[in-house]
Amino acid sequence: MYADVAVCLPLTRTFVYEVTELVEAGSRVIVPFRKREVEGFIVGVRTEAPKDVEVLPVATIIDRSPLIRPDIFELCRWISGYYIAPLGEVLKSSLPPGISAKHVESGLGTGDFGSRISDFGWRESALPTPGSPNPSEIRNPKSPAFVPCLTLTEHQLGAFDAIRSCNGFHTLLLHGVTGSGKSEIYMRAAEHFLAAGKTSLILVPEIGLTPQLTDRFTQRFPGLTAVLHSSLSKRQRIDEWLRIYCGKAPIVIGTRSAVFAPLQNLGLIVVDEEHESSYKQEEVPRYHARDTAIMRAKRSGAVVVLGSATPSMESFRNAESKKYEYVGLTSRVEDRPLPEVEIVNMREEYTAQSKQVVFSRRLLQAVAGRLERREQTMILLNRRGYAAFLLCRHCGFTFQCTSCSVAMTYHRSIDKLLCHYCGLARRPPARCPECDSEYIYYVGEGTERLESELKSLFPDARMGRIDRDTMRHLRDYERVLGGFASGKIDILVGTQMIAKGHDFPRVTLVGVVGADAALSLPDFRAAERTFQLLTQVAGRSGRGDQPGEVVIQSYFPDHYTFQLACTQRFEDFYARESRYRKAMFYPPFTALAGIMVMDRDAGRAATLAREIGEFLDSLRSTAVRILGPAPAPLERIKQVHRHQLLIKSSSRGVLHRMLEQLRAHLEERKIGATRVIVDVDPMSLL
Ligand SMILES: [Zn+2]
Ligand SMILES: [Zn+2]
């Protein structure tokens, strides 16, 4: 017998090996490959050997019965085809690292495998109607530690009914303003499917940023929830995976790769904060977990709920064209008003104060008021470190990383210049290395500087900071967020990490500093990302009894992104942004793929990029536009030069055929997927 094997290497084609025992598709094997042994997956079996090719025998069969179930196997095939990704690498990423058949045998124990979730005896709680007197009376008798359901508002009830009335595969876009209570709807939906004997998968962008949702699920469904994320140890991840595989955990919460969780009888997939770019894997295989989740649901007849306060342009477009069902949650819980948003013109501030300042007088006055009234403040600045860069005022020299084409950021606590791309650190010089002048200035503030300025302005205020420098572990988040939640911190400063789903009822002021930087990134999604960030962070204000206020500082206060962030009317932003995307042929109105050519030698990178451009031109398709090749905005990272091409097409089919032809052409020329990256539906063009 012979087997087609997809090796776990950046190669799209498969290879034939001889096997002496019965094997199934999905089994892992070790095979001899170009004078070494590599891991691979059996993707097909055949009785006849191919002609004119030397066929080697498989060295070892790792799993006799495959750990990958047929539905996940087919999902991997789809990913491989859609994202032009090597099948072997996709299959490998669908399993937890280090798992073996032995784990499964011991995990199955004494016939637990037969237990189905319907045996858990979960009964859906009776639904409280809006204003029903005592919702905590409603309880599940079999649930060991009962956590009361909250009463649903009329809008929440409407959304829940929309989910409940779905019959088979259906995608809903749950567009709920911040604070509208989406998590409660997710839990009700999971409970509904559990009672029907079906499993649920809840995807979240980052576990550390959504501890509240995870906690609420594990409390509401004790013993039935598995959590999958990257902070788990190898062993923990295998254990959680096994609980799911054996049918012991019918509810799974996890980040991106949890889309491969081996749930059977899937009823529901929730993608919370569906617009988040962390759902896109930025290494091979470059899949988008949201779109993969929809594909998985389609194959298993499940309902998909995409939740967001600021839907992605792609999802809103799909709702507009009726591909998704649109469900709006327009009111906040208890009808709390949306916060007042005010934009401070920093150019006027500069004129009035005759100097560059970090904080406007308006923002400082608002902070002082909060401290007096013992209310809390959050200040967002999307740049960590102390200063953005060091500049010689005499000759204009800036300190660039020697390996990457970016300025190095000054971190005062360690007194070092750091490259945020490769981690290179160096001591800041006292004099300019170019002209020997001593006029070296720190330009552009980071979170570290913000914190220290606030400390000197408000010496009695208790401060906390959340960014990648202060948050090394999950417990760091818990400590600072816990301190803020219990009122031990007055002012919380941080990067976009603070903008995510936290619920702090005593926050009545959110300040946004340096919002212009995000808007000026050379990426067609810059305005969309800025709008999302502003709306998310604004939503942190006024979640309790007191109304909230938001102060945004900008040098471009008239930009439509800021103006529309004031009203927080997503539909207006969508309409305005759509005009630009249509005119420029960008998603969601065209299909887009990025091709990144990488080489340590600048000349070789440019030459190969040009050759790829010529090859694509030779395919002469009228349905595509090719941009480039050109140096990428970040031309060099870790000493590797990067040149890119963008392909836009009105036809996804044409784009895919073109990319497949390119991949085959490159493999023929023995140019691997590590030198030329093909990124379908790219999330970042830097
Ligand atoms: Zn100089
Ligand atoms: Zn660097």
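Residues numbered from 1 in each chain as written. Chains lettered and ligands numbered in written order. Predicted model: local features only at pLDDT ≥ 70, side-chain atom pairs only at ≥ 80, totals over all residues.

Chemist: For this particular structure, what's the right way to read the overall build of the protein?
Modeler: When its secondary structure is counted, the protein shows 19 helices and 28 strands. Seen along its three principal axes, the alpha-carbon backbone of the protein occupies a region of about 85 × 75 × 45 Å. In the protein, which comprises 686 residues, the share counted as buried stands at 45%. Relative to all contacts within the protein whose residues are 6 or more apart in sequence, the contacts with residues 24 or more apart total 73%. (Helix = DSSP H or I, 4+ residues; strand = E, 2+ residues; numbered from the N terminus. Buried ≥ 20, exposed ≤ 12 C-beta atoms within 10 Å, placed from the backbone. Contact = placed C-beta atoms within 7 Å.)

Chemist: I keep staring at the sheet that holds strand E28 (residues 676-680) and nothing clicks. Help me out?
Modeler: Sheet strands pair by backbone hydrogen bonding; their relative direction is either parallel or antiparallel. The antiparallel open sheet is built from four strands, whose spatial order is E26-E27-E25-E28. Of all the strands in the sheet, just strand E26 (624-637) and E28 have a single pairing partner and so form its edges. Averaged over all pairs of adjacent strands, the angle between their axes in this sheet comes to 20°, without regard to strand direction. With nine bridges connecting them, strand E25 (residues 591-599) and strand E27 (residues 640-649) associate as antiparallel partners. Of the residues in E27, the one forming a bridge with Ile595 is Leu645. (Pairing = 2+ DSSP bridges. Axes fitted to C-alpha atoms, helices over the stretch in contact; angles between N-to-C directions.)

Chemist: Looking at this structure, how should I read the domain arrangement of the protein?
Modeler: Taken domain by domain, the protein consists of domain 1 (2-96), domain 2 (106-113 + 146-334), domain 3 (336-384 + 446-581) and domain 4 (591-680). Taking the mean C-alpha position of each, domain 1 and domain 2 sit 31 Å from one another. Listed per partner, the contact involves 15 residues of domain 1 and 15 residues of domain 2. Every element with two or more residues in the side of domain 1 that touches domain 2 is listed here: helix H1 (70-82) and helix H2 (87-93). No other element matches the six residues that H1 contributes to the side of domain 1 that touches domain 2. (Domains from an automatic or database assignment.)

Chemist: I'm lost on the nonpolar core in this one. Help?
Modeler: General note: in soluble globular proteins, nonpolar side chains tend to be found buried as a group. Formed by 157 residues in total, the largest nonpolar core has its most connected members in Val252 and Val304. Per-element tally for this core: the top contributor is helix H5 (residues 182-195), with seven residues. Contact partners of Val252, with chain neighbours within four places excluded, come to Leu201, Ile202, Ala226, Leu228, Ile244, Ala258, Ala261 and Leu263. Residues Leu390, Cys404, Ala407 and Cys432 belong to the second largest nonpolar core, which totals 15 residues. (Core = buried A, V, L, I, M, F, W, Y, C linked by C-beta atoms within 7 Å.)

Chemist: Please clarify how the environment of Phe531 should be interpreted in this entry.
Modeler: Note on placement: Phe531 falls in helix H15 (residues 526-538). Judged by local crowding, Phe531 falls into the buried class, with 24 C-beta atoms found within 10 Å. As for Phe531 and Phe562, which are separated by 31 residues in sequence, their C-alpha atoms are 7.3 Å apart. With near-sequence residues (within four places) excluded, Phe531 lies in contact with Thr310, Thr561, Leu564, Ala565 and Phe573.

Chemist: Quick question: what am I supposed to make of helix H11 (residues 361-372) here?
Modeler: Quick reminder: α-helices carry 3.6 residues per turn. Residues three or four places apart thus point the same way. The end-to-end C-alpha distance of H11, which contains 12 residues, comes to 17 Å, matching closely the 16 Å that a straight helix rising 1.5 Å per residue would cover. Turning to H11, its buried residues number three or more, namely Leu363, Ala366, Val367 and Arg370. Buried residues of H11, seen end-on, are gathered within an arc of 100° and therefore sit on one face of the element. Away from its buried face by more than 90 degrees, H11 exposes Arg361, Gln365 and Glu372. Packing partners of the buried residues in H11 comprise strand E14 (340-345), strand E15 (376-380), strand E22 (491-494), strand E23 (507-512) and strand E24 (549-554). Downstream of H11 by one or two residues, Arg374 has phi in the positive range, about 60°. (Expected span 1.5 Å × (residues − 1). Arc of directions from axis to C-beta.)

Chemist: How should the environment of Ala499 be read in this particular structure?
Modeler: Along the chain, Ala499 turns up in the loop between E22 and E23. When the 24 C-beta atoms within 10 Å are taken as the criterion, Ala499 is described as buried. Sequence-wise, Ala499 and His420 are 79 residues apart; in three dimensions their C-alpha atoms are separated by 21 Å. Not counting chain neighbours up to four residues away, the residues in contact with Ala499 comprise Leu380, Leu533, Gln536, Val537 and Arg540.

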